[in-house]
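Spelled out, the chains give:
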Amino acid sequence: SMNRPLKRACIYPKDIQLITGRSNRQSSRLLNDIRKSLNKPKKSLVSIEEFCQYTGLKFEQVEPYIIG
């Protein structure tokens with residue numbers, strides 16, 4: 001739940017693989033699409049919140065995959 005501290009704030013291709021079932025390459029591409037849509041630099045980190053806003057997934061749906 002929201003008030004439990006997350007281990008980290010950003011999301012990586014490995015997380016996206018677990019959440020979506022996409023390949024690592026597709027997951028990296030999705031991260032790049034998110035960066036582009038937010039006008040973020042190529043190497044910048046994408047937050048879990050930004051990922052949720054972009055994909056339409058709820059934080060609660062994504063959180064279990066992040067914490068593992």
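Here the structure is a predicted model, which is why all the values come from computation and not from measurement.

What counts and what doesn't
- Residues numbered from 1 in each chain as written.
- Predicted model: local features only at pLDDT ≥ 70, side-chain atom pairs only at ≥ 80, totals over all residues.
- Heavy atoms only, no water.
- Helix = DSSP H or I, 4+ residues; strand = E, 2+ residues; numbered from the N terminus.
- Contact = heavy atoms within 4.5 Å.
- Areas by Shrake-Rupley, 256 points an atom, 1.4 Å probe, with all protein chains shown as cover.
- Core = buried A, V, L, I, M, F, W, Y, C linked by side-chain atoms within 4.5 Å.
- Buried < 20%, exposed > 50% of the residue type's maximum accessible area, 1.4 Å probe, protein only.
- Salt bridge = Lys/Arg side-chain N within 4 Å of Asp/Glu carboxyl O.
- Expected span 1.5 Å × (residues − 1).
- Arc of directions from axis to C-beta.

Colleague: So what exactly am I meant to see when it comes to the overall build of the chain here?
Modeller: Helix and strand counts for the chain come out as four helices and two strands. Counting from the amino terminus, helix and strand elements in the chain follow one another as β-α-α-β-α-α. Contacts spanning at least 24 positions in sequence make up 48% of the contacts within the chain whose residues lie at least 6 apart. As displayed, the chain has an accessible area near 4,800 Å², and 52% of this comes from carbon and sulfur atoms.

Colleague: What exactly am I supposed to notice about the nonpolar core here?
Modeller: One broad rule of soluble globular proteins: the nonpolar side chains tend to lie buried together. Judged by nonpolar contacts, the single largest core of 13 residues is most densely connected at I11, I16, I19, I48, F51, V62 and I66. Elements represented by at least two residues in this core include exactly α1 (13-20), α2 (24-37), α3 (48-55) and α4 (59-67).

Colleague: Help me understand unusual backbone geometry in this model?
Modeller: Glycine aside, residues mostly have negative phi, and peptide bonds are mostly found in the trans state. Residue N39 is not a glycine yet carries a positive backbone phi of 55°. Here N39 lies in the loop between α2 and β2 (46-47). Assessed through its relative accessible area of 71%, N39 is described here as exposed.

Colleague: Before we go on, may I ask you to explain the pattern of salt bridges in this structure?
Modeller: A side chain with one charge may pair with a side chain of the opposite charge, provided their charged atoms come close. Counting across every chain of the model gives two salt bridges. Taking the shortest distance from any N to any O, the salt bridge between R8 and D15 comes out at 2.9 Å. Relative accessible area serves as the criterion here: at 4%, D15 is assigned to the buried category. Measuring nitrogen to oxygen at the nearest pair gives 2.8 Å for the salt bridge that ties E50 to K40. With E50 in helix α3 and K40 in the loop between α2 and β2, the pair connects residues that are 10 residues apart, well separated along the chain. Among the residues examined, K40 registers a relative accessible area of 24% and is labelled partly exposed.

Colleague: Quick question: what am I supposed to make of α2 here?
Modeller: The periodicity of an α-helix, 3.6 residues per turn, causes residues three or four places apart in sequence to face the same way. Between its first and last C-alpha atoms α2 spans 20 Å; for 14 residues at 1.5 Å apiece the expected length is 20 Å, and the two agree. For α2, the full list of buried residues reads S27, L30, L31, I34 and R35. Along the long axis of α2, the arc covered by the buried residues comes to 140°, so they all point the same way. Opposite its buried face, α2 presents the exposed residues R25 and K36, each directed more than 90 degrees away. On the buried face of α2, the contacting elements are β1 (10-11), α1, β2 and α3.

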